[in-house]
Amino acid sequence: MEVTYFTCLNDECYRYRGVFVEGDAEHTNCERAPLSLEREEQRPSWLAMAAPVAVAAGLAAAATVAVRAVRARRDRGSEGDQ
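Residues numbered from 1 in each chain as written. Predicted model: local features only at pLDDT ≥ 70, side-chain atom pairs only at ≥ 80, totals over all residues. Heavy atoms only, no water.

A. Looking closely at the overall build of the protein. Counting secondary structure elements, the protein contains 1 helix and 3 strands. Listing every helix and strand of the protein by position from the N terminus yields β-β-β-α. A buried classification covers 10% of the 82 residues belonging to the protein. Put simply, of all contacts in the protein between residues at least 6 apart along the chain, 24% involve residues at least 24 apart. Approximately 7,300 Å² of the protein is accessible, and the part contributed by carbon and sulfur atoms is 55%. (Helix = DSSP H or I, 4+ residues; strand = E, 2+ residues; numbered from the N terminus. Buried < 20%, exposed > 50% of the residue type's maximum accessible area, 1.4 Å probe, protein only. Contact = heavy atoms within 4.5 Å. Areas by Shrake-Rupley, 256 points an atom, 1.4 Å probe, with all protein chains shown as cover.)

This is the structure in structure tokens:
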């Protein structure tokens with residue numbers, strides 16, 4: 001059986017910011033937010049980090065190709081001057 005804990009968000013409640021479970025009669029009409037317990041780790045999604053890393057790698061590769069093309073053009077131009 002899984003129990004969901006909530007935090008009371010009703011600032012007029014005498015147990016404001018208190019922790020309670022679903023069905024608690026004292027908080028029947030209170031606004032609530034689900035409570036995440038400390039032992040439950042909120043791991044970041046690897047997809048959220050993969051997209052920026054892929055974009056950065058693509059930009060680095062494009063910059064490398066552009067720099068090599070400019071150097072090759074410059075080297076070819078200097079060979080004709082000799």
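Having seen it, we continue.
B. Local environment of the sheet that holds strand E2 (residues 19–21). Strands sit in the order E2-E1-E3 across an open sheet of 3 strands; the sheet is antiparallel. Lying at the two open borders of the sheet, with one neighbouring strand each, are E2 and strand E3 (32–34). Neighbour to neighbour, the strand axes of the sheet diverge by 40 degrees on average, direction disregarded. Here 3 bridges tie strand E1 (residues 5–8) to E2, and the two strands are oriented antiparallel to one another. (Pairing = 2+ DSSP bridges. Axes fitted to C-alpha atoms, helices over the stretch in contact; angles between N-to-C directions.)

C. Just the environment of Val19, in detail. As for its placement among the helices and strands, Val19 is situated in strand E2. Along the primary structure Val19 and Phe6 are separated by 13 residues, whereas in three dimensions their C-alpha atoms are 5.6 Å apart. If we skip the residues at most four places from it in the chain, Val19 touches Tyr5, Phe6 and Leu35.

D. Quick look at the nonpolar core. Judged by nonpolar contacts, Phe6, Cys8, Cys13, Phe20 and Cys30 together constitute the single largest core of 5 residues. Residues in contact with Cys13, not counting those within four places in the same chain, are Cys8, His27 and Cys30. (Core = buried A, V, L, I, M, F, W, Y, C linked by side-chain atoms within 4.5 Å.)

E. View of the pairing of E1. Of the pairings in the sheet, the one linking E1 to E3 comprises 3 bridges and is antiparallel in character. Within E3, the residue paired with Cys8 across the bridge is Arg32.

F. Here's a closer look at the confidence of the model for the protein. Looking at the protein as a whole, its pLDDT mean stands at 80, while 83% of the residues score no less than 70. Mean pLDDT per element in the protein: E2 is the minimum at 77, and helix H1 (residues 46–81) is the maximum at 87. (pLDDT = per-residue confidence, 0-100.)

G. Up close: a nonpolar patch on the surface. Residues Val3, Tyr5, Val19, Val21 and Leu35 make up a contiguous nonpolar surface patch of roughly 340 Å² in combined accessible area. Judged by its relative accessible area of 39%, Val3 falls in the partly exposed class. (Patch = residues over 30% accessible without salt bridge, like charges linked within 9 Å, V, L, I, M, F, W, Y side chains within 5 Å. Salt bridge = Lys/Arg side-chain N within 4 Å of Asp/Glu carboxyl O.)

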